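# Breakdown of the fold
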Amino acid sequence: MNSKKREIIEKQERATAENAAIQNDIEKIQTEIHSIIQDYEKTCSLYDQQALRQQQITQRFSPLALTSALTEHSYAVEEESESLVSDLTNKSLDVASFVEKYTKLRQDYHSTQMKAHRLQNSGGF
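Here is what the cut-offs are and how they apply
- Sequence order as written defines the numbering, with residues in each chain counted from 1.
- Owing to the predicted nature of the model, reporting of local features is limited to residues with pLDDT of at least 70; listing and counting of side-chain atom pairs is limited to 80 or more, with chain, interface and lining totals taken over all residues.
- For side-chain calculations, the full set of non-hydrogen atoms in the structure is used, while hydrogens and water are omitted.
- Counting from the N terminus, the helices are DSSP H or I runs at least four residues long and the strands are E runs at least two residues long.
- Each residue's exposure class comes from its accessible area (1.4 Å probe, protein chains only) as a fraction of the maximum for that residue type: buried when under 20%, exposed when over 50%, partly exposed otherwise.
- Contacts described as polar in this section are N or O atom pairs within 3.5 Å, which, within protein, must combine one atom able to donate a hydrogen with one able to accept it, while residues neighboring in sequence count only if both atoms come from side chains.
- Any two residues whose heavy atoms approach within 4.5 Å are treated as being in contact.
- What we call a nonpolar core is a set of buried Ala, Val, Leu, Ile, Met, Phe, Trp, Tyr and Cys residues that are connected through their side-chain atoms within 4.5 Å.
- Put simply, a salt bridge is a Lys or Arg side-chain nitrogen that is within 4 Å of an Asp or Glu carboxyl oxygen.

As a further point, take the side chain of Ser81. Checked against the element boundaries, Ser81 lands in helix 2 (residues 63-89). Under the relative-accessibility criterion, Ser81 is labelled buried at 2%. Within polar-contact distance, the side chain of Ser81 engages the side chain of Arg106 at 3.3 Å. Each residue touching Ser81, except ones within four places of it in the same chain, is listed here: Tyr102, Leu105 and Arg106.

Note on soluble globular proteins: their nonpolar side chains tend to be buried together. Membership of the largest hydrophobic core is limited to six residues, which are Val77, Leu84, Leu93, Phe98, Leu105 and Tyr109. Elements with a minimum of two residues in this core: helix 2 and helix 3 (95-122). Considering every element that reaches this core, the biggest residue donor is helix 3, with three residues. Residue contacts for Val77: discarding those within four places in its chain leaves Leu105, Asp108 and Tyr109.

Using the criterion set out here, one finds three salt bridges in the structure. Among the ionic pairs, Arg106 bridges to Glu78, the shortest N-O distance being 2.7 Å. Here Arg106 is found in helix 3, whereas its partner Glu78 is found in helix 2, with 28 residues between them in sequence. On the accessibility criterion, Arg106 (18% relative accessible area) is buried. The exposure class of Glu78 is partly exposed, given its relative accessible area of 22%. Between Glu100 and Lys104 there is a salt bridge, with its nearest N and O atoms 3.6 Å apart. With a gap of four residues between them, Glu100 and Lys104 both fall in helix 3, about one helical turn apart. Relative accessible area serves as the criterion here: at 53%, Lys104 is assigned to the exposed category.

Encoded structure:
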């Protein structure tokens, strides 16, 4: 009976040692999992930031936004050229300066209008 008791105690001690070793492995795996989860969360956060940035860029450079910006620019150039005509008629600008500035403004206006029209009709330049 004594040998049987000792055999059971030895089996119990071996099982306890194995369980302790397994517990260490479990703790190591839990630490690795925690680290992986932190890396995953960090990566997800970076991905979300990049996705938001991409969405903002896509909206900023959408055909509608670009067409709108080109149209606004052409209106500003149109107003500036009308102001030059007013300056010429008020004689606050000489004819040579007027012709040079007005020609550049009108070229800019028509170029911008053409780009806006092509963008609106074809979806790109």
